[in-house]
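Understanding the architecture of this molecule
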Amino acid sequence: SIGLKASVAAKTLEDSQVVFCQVFNYEDYGLLTSMHKGVSMVPSPASVFNAWKALAPDITDVGLITGPGLSHIINEIQAAARRSGITLHYATVNSDMEFQYAYKQMANTVQGYWLLPDNRVLSGTVLQDLMAYSVRNGKQVVVFSKELLGLGGLFSASNDYDDIARQVMGRLDEAQDKKDIPGPDLMYPDKPVLDINSVMMRRFNLKA
């Protein structure tokens, strides 16, 4: 199932194996069961942090803000951050205005932010304000779309659709002739597409 509406509809297929993808807040809708598992909309956290460390070796403190109900993803990101020698500063918010407040409250603690595509709490207006704020205050920002690099993102990390399809098909192949889908509840695409903003690289005196 591709996308939220299709994945919610597929919940009714209780006797069928379902692998969902392109769903961000899957925990809100109880999509995970032993027969219903997913491929994450978030790229592999380890790959993102490894790329960030390669570009900016001195990065040690990163801010992350999302809406509620993402414990599985956050645990994975926190573990990957620790393995990369990065302290993750995490906040949960319920609106775009809370997001804006939490973002600026973190500014004295973090060197950069990783923005996830949580449209429940991140509006276009607030996003533009926060990107401008980050540029003014020298904060590195990893964004979820190449289009956001023009607002001052350091690099974008997004998924390759072929990689998502490969993982979905791989999960279904592994589940063949089995009742349950083996493996973790959620798998992360491990070949993210990374686009670097050369203007911001120069601004931070970094080299690819």
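The rules behind the values
Residues numbered from 1 in each chain as written. Predicted model: local features only at pLDDT ≥ 70, side-chain atom pairs only at ≥ 80, totals over all residues. Heavy atoms only, no water. Buried < 20%, exposed > 50% of the residue type's maximum accessible area, 1.4 Å probe, protein only. Helix = DSSP H or I, 4+ residues; strand = E, 2+ residues; numbered from the N terminus. Contact = heavy atoms within 4.5 Å. Pairing = 2+ DSSP bridges. Axes fitted to C-alpha atoms, helices over the stretch in contact; angles between N-to-C directions. Phe/Tyr/Trp six-rings, centres within 6.5 Å; stacked < 30°, edge-to-face > 60°.

Of the positions making up helix α4 (residues 96-105), those classed as buried are F99, Q100, A102 and Y103. Among the structural elements, β3 (61-66), β4 (87-92), β5 (112-114), α5 (124-136) and β6 (140-143) are those in contact with the buried residues of α4.

Quick look at the sheet that holds strand β1 (residues 18-20) now. Ordered by their spatial adjacency, 3 strands build an open sheet running β1-β2-β8, and the pairing between neighbours is parallel. Edge positions in the sheet fall to β1 and β8 (186-187), since each has one partner strand and no second. Here β1 pairs with strand β2 (residues 36-39) via 3 bridges, running parallel. Bridge pairing in β2 places V18 opposite H36. Docked against the sheet, helix α6 (residues 161-175) engages β1, β2 and β8, running at close to 155 degrees with respect to β2.

Tracing the chain through its elements places V93 in the loop between β4 and α4. Sequence-wise, V93 and G67 are 26 residues apart; in three dimensions their C-alpha atoms are separated by 5.0 Å. Setting aside chain neighbours within four positions, we find V93 in contact with I65, T66, G67, P68, E98, F99, A102 and V121.

Taken as a whole and judged by the stated rule, the model has 6 aromatic pairs. Between F20 and Y26 the ring centres are 5.8 Å apart and the planes differ by 40 degrees, which places this aromatic pair in the tilted class. For F20, a relative accessible area of 2% puts it in the buried group. Residue classification places Y26 among the buried residues on the basis of a relative accessible area of 1%.

Below, the discussion takes up the environment of L64. Tracing the backbone through its elements, the reader meets L64 in strand β3. In this structure L64 comes out as buried when scored by relative accessible area, which is 0%. Between the C-alpha atom of L64 and that of W114, which follows or precedes it by 50 residues, the distance is 5.6 Å. Ignoring any residue separated from it by four or fewer positions in sequence, one finds L64 in contact with I74, I77, L88, H89, Y90, A91, M106, W114 and L116.

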